Amino acid sequence: MDVLHRTKGDKVIWTIVIFLSLVSLLAVYSATGSLAYREQGGHTEYYLFKQLSVLGMGLLIIYFAHRVNYTIYSRAAQIGFLISIPLLIYTLAFGHNINDASRWIRLPVINLTFQTSDVAKLAIFMYVSRQLSKRQHVITDFRKGFLPIIIPVSIICVLIMPANMSTALLLGASCMILCFIGRVPVRFLASMVLAVVVLVLLMFAIAKLTKLEMRTQTWINRLEHFTGEENSELPYQVQQANIAIAGGGVLGKGPGNSTQRNFLPHAYSDYIYATIIEEYGIFGAFLILMAYMLLLLRSIRIYRKCPYAFGAFLAVGLSVTLVIQALTNMAVNVGLFPVTGVTLPLVSMGGSSVIFTSLAIGIILSVSRNVEELEGKRIEQERIAKVMEENGMQPAA
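What this report covers is the structure whose coordinates are included nearby. No experiment lies behind these values; they were computed from the predicted model shown.

**With respect to the overall build of the chain**
Then comes step 1: Counting its regular elements, the chain contains 14 helices and three strands.
Then comes step 2: For the chain, the proportion of its 397 residues judged to be buried stands at 49%.
Then comes step 3: Sequence separation of at least 24 residues holds for 71% of the intrachain contacts in the chain that already meet a minimum separation of 6.
Then comes step 4: Carbon and sulfur atoms make up 66% of the accessible area of the chain, which totals about 19,800 Å².

And the structure:
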């Protein structure tokens, strides 16, 4: 009961977290049947309990993170940014290779792998929020206001891009949106977007002409499949996702009744949304979409109520990146976006992604808790002033 009493912050966001966690348990348990038979000798409960333990750890992280005064995260932002750079460089050089991409590093003692890009994403958003709040008086100055913000973002994105271009582009887009909210002039942002487009096209052109066996070729193939160039056939995972969605209908086949989970690659992570649509139909898919949009709306509400710039930028920035990631995953699953390795936050099976998503939500709730406390103090002061006025008393000088 003491824990419930000490749990503060936006109750709607807490409800969304619980809802998505329950959806994750149901979807992961259903989608990992074939994986359990292949990897765990048929023990289908293995991945259920594994996801339950990860989500439980995530809830603890949310709780403890929301109890911390969010101003402390401003001090941690610079440290996190400086740590992220050597971590990303190490990942490029010595990273654990999964699906032809070096995105992971393995901790030697506990033998746990995690994506360093998750650390970098969280760190750069805290750093950008800090810089935006400190430079509001010079935010329209390109050299003093924009460059100190965009250079760190560019460094992080460039280091992530060789192994995970989709994450780098989404991170850059989220930072641009945060900068726009932070009153950075549109002409600065437009010039940056143009530079990124030119850089990406140049990389594609070099890879196309030289026929280099590199990650860039994978991106080109995915774009060609998506646009239908050279009469290319749809990738296998896209075909299976389409079949799953078509079979779901309005209300779905029911929990645990997916058939495409046995054929769909990564049905428990990258393509978990297609599995959910097959089992819960368009209605279930709509509920999940609304949960993420409601998270964004509640974070915007926190942004508008927060009296301090850093907290306001932090809450809206972290929510924007989570929602953009979720929308990208959904768009890939329903065929509106080229294939990426982006997971569905708090729903897809995972370790480090759930942990860092939970930390981001905990920080948002920390800002919300501070806003609630300030609002409570203001209401109490108004109540005391009203009582004093009714009794003919004057406030002390």
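**A closer look at the packing of helix H2 (residues 11-31) against helix H4 (residues 45-67)**
Then comes step 1: Between H2 and H4, the shortest axis-to-axis distance is 9 Å and the interhelical angle comes to 165°. Between H2 and H4, the interaxial angle falls into the category roughly antiparallel. For the element pair H2 and H4, the recorded crossing hand is right-handed. Across the interface between the two elements, Trp14, Val17, Ile18, Ser21, Ser24, Leu25, Val28 and Tyr29 of H2 pack against Glu45, Tyr47, Leu48, Gln51, Leu52, Leu55, Leu59, Ile62, Tyr63 and His66 of H4.
Then comes step 2: Taken together, the residues that form the contact of H2 with H4 break down as 13 nonpolar, four polar and one charged.

**Details of the side chain of Ser84**
Then comes step 1: Within the element layout of this structure, Ser84 appears in helix H5 (residues 71-94).
Then comes step 2: Judged by relative accessible area, Ser84 falls into the buried class, the value being 1%.
Then comes step 3: Once you skip the residues sitting within four places of it in the chain, Ser84 turns out to touch Val119, Ala120, Ala123 and Ile156.

**Some details on H2**
Then comes step 1: Taking 1.5 Å per residue as the helical rise, H2 with its 21 residues ought to reach 30 Å, and the 30 Å between its terminal C-alpha atoms agrees with that figure.
Then comes step 2: Capping the start of H2 is the job of one residue whose side-chain oxygen sits 2.8 Å from the backbone nitrogen of Val12: Asp10.

**Some words on the side chain of Thr357**
Then comes step 1: Counting through the fold element by element, Thr357 comes out in helix H14 (residues 352-390).
Then comes step 2: Of the polar contacts made by the side chain of Thr357, one reaches the backbone oxygen of Ser353; its length is 2.7 Å.

**Concerning the packing of H4 against H14**
Then comes step 1: For the pair H4 and H14, the least separation of the axes is 7 Å and the interaxial angle reads 30°. Our classification of the angle between H4 and H14 gives roughly parallel. Viewed along their axes, H4 and H14 form a crossing whose handedness is right-handed. Residues Gln51, Val54, Leu55, Met57, Gly58, Ile61, Ile62, Ala65, His66 and Arg67 of H4 lie in contact with H14, whose contacting residues are Val354, Ile355, Ser358, Leu359, Ile361, Gly362, Ile363, Leu365, Ser366 and Arg369.
Then comes step 2: Grouping the constituent residues of the contact of H4 with H14 by class yields twelve nonpolar, six polar and two charged.

**Observations regarding unusual backbone geometry**
Then comes step 1: Although it is not a glycine, Arg183 adopts a positive phi angle of roughly 70°.
Then comes step 2: The topology assignment puts Arg183 in the loop between helix H8 (165-181) and helix H9 (186-210).
Then comes step 3: Even without a glycine there, the phi angle at His266 is positive, about 55°.

**Some details on the packing of aromatic side chains**
Then comes step 1: Per the stated rule, a full pass over the model turns up eight aromatic pairs.
Then comes step 2: Look at Tyr70 and Phe310: their rings are 6.2 Å apart centre to centre, the planes differ by 20°, and that puts the pair in the stacked class. Placement of the pair is Tyr70 in the loop between H4 and H5 and Phe310 in helix H13 (residues 309-333), with a sequence separation of 240 residues. For the pair formed by Tyr70 and Phe310, the shared burial category is buried.
Then comes step 3: Each ring, one from Phe146 and one from Phe188, has its centre 5.5 Å from the other, and the planes form 35°; the classification is tilted. Of the two residues, Phe146 is situated in helix H7 (residues 142-160) and Phe188 in helix H9; the sequence distance between them amounts to 42 residues.
Then comes step 4: Exposure remark for Phe188: the relative accessible area of 7% places this residue in the buried category.
Then comes step 5: Counting every residue linked through ring pairs, the aromatic cluster contains Phe142, Phe146 and Phe188.

**Here we look at helix H6 (residues 116-134)**
Side chains that are three or four residues apart share a direction in an α-helix, a result of its 3.6 residues per turn.
Then comes step 1: Given a rise of 1.5 Å per residue, 19 residues ought to cover 27 Å, and the 27 Å separating the end C-alpha atoms of H6 matches this to within 8%.
Then comes step 2: Taking burial as the measure, the 19 residues of H6 include 17 buried ones, the bulk of the element.

**Side note on the nonpolar core**
Then comes step 1: Counting residues in hydrophobic clusters, the biggest one holds 100 residues, and the most contacted among them are Ile124 and Val128.
Then comes step 2: When residues of this core are assigned to their parent elements, the largest contribution, 14 residues, is made by H13.
Then comes step 3: Once residues within four sequence positions are removed from consideration, Ile124 is found in contact with Phe81, Pro152, Val153, Ile156, Leu171 and Cys175.

**Thoughts on the environment of Thr328**
Then comes step 1: Within the secondary structure layout, Thr328 lies in helix H13.
Then comes step 2: Other than its neighbours up to four places away in sequence, Thr328 contacts Leu170, Phe337, Thr340 and Val342.

**Some thoughts on the pattern of salt bridges**
Then comes step 1: A full pass over the atoms with the stated rule returns seven salt bridges.
Then comes step 2: The partner of Arg298 in a salt bridge is Asp10, and the shortest N-O contact between them spans 3.0 Å. On the criterion of sequence distance, the pair formed by Arg298 in helix H12 (residues 272-305) and Asp10 in the loop between helix H1 (2-6) and H2 is long-range, its members being 288 residues apart.
Then comes step 3: Using a relative accessible area of 21% as the deciding quantity, one classes Arg298 as partly exposed.
Then comes step 4: Overlapping salt bridges, with partners in common, bring together Asp10, Arg298 and Arg301 in one network.

The rules behind the values
- Residues numbered from 1 in each chain as written.
- Predicted model: local features only at pLDDT ≥ 70, side-chain atom pairs only at ≥ 80, totals over all residues.
- Heavy atoms only, no water.
- Helix = DSSP H or I, 4+ residues; strand = E, 2+ residues; numbered from the N terminus.
- Buried < 20%, exposed > 50% of the residue type's maximum accessible area, 1.4 Å probe, protein only.
- Contact = heavy atoms within 4.5 Å.
- Areas by Shrake-Rupley, 256 points an atom, 1.4 Å probe, with all protein chains shown as cover.
- Axes fitted to C-alpha atoms, helices over the stretch in contact; angles between N-to-C directions.
- Parallel < 35°, antiparallel > 145°, perpendicular 65-115°, else oblique.
- Left-handed = near helix turned anticlockwise from the far one by under 90°.
- Nonpolar A, V, L, I, M, F, W, Y, C, P; charged D, E, K, R; others polar.
- Expected span 1.5 Å × (residues − 1).
- Polar contact = N/O pair within 3.5 Å; in protein donor to acceptor, adjacent residues only side chain to side chain.
- Phe/Tyr/Trp six-rings, centres within 6.5 Å; stacked < 30°, edge-to-face > 60°.
- Core = buried A, V, L, I, M, F, W, Y, C linked by side-chain atoms within 4.5 Å.
- Salt bridge = Lys/Arg side-chain N within 4 Å of Asp/Glu carboxyl O.

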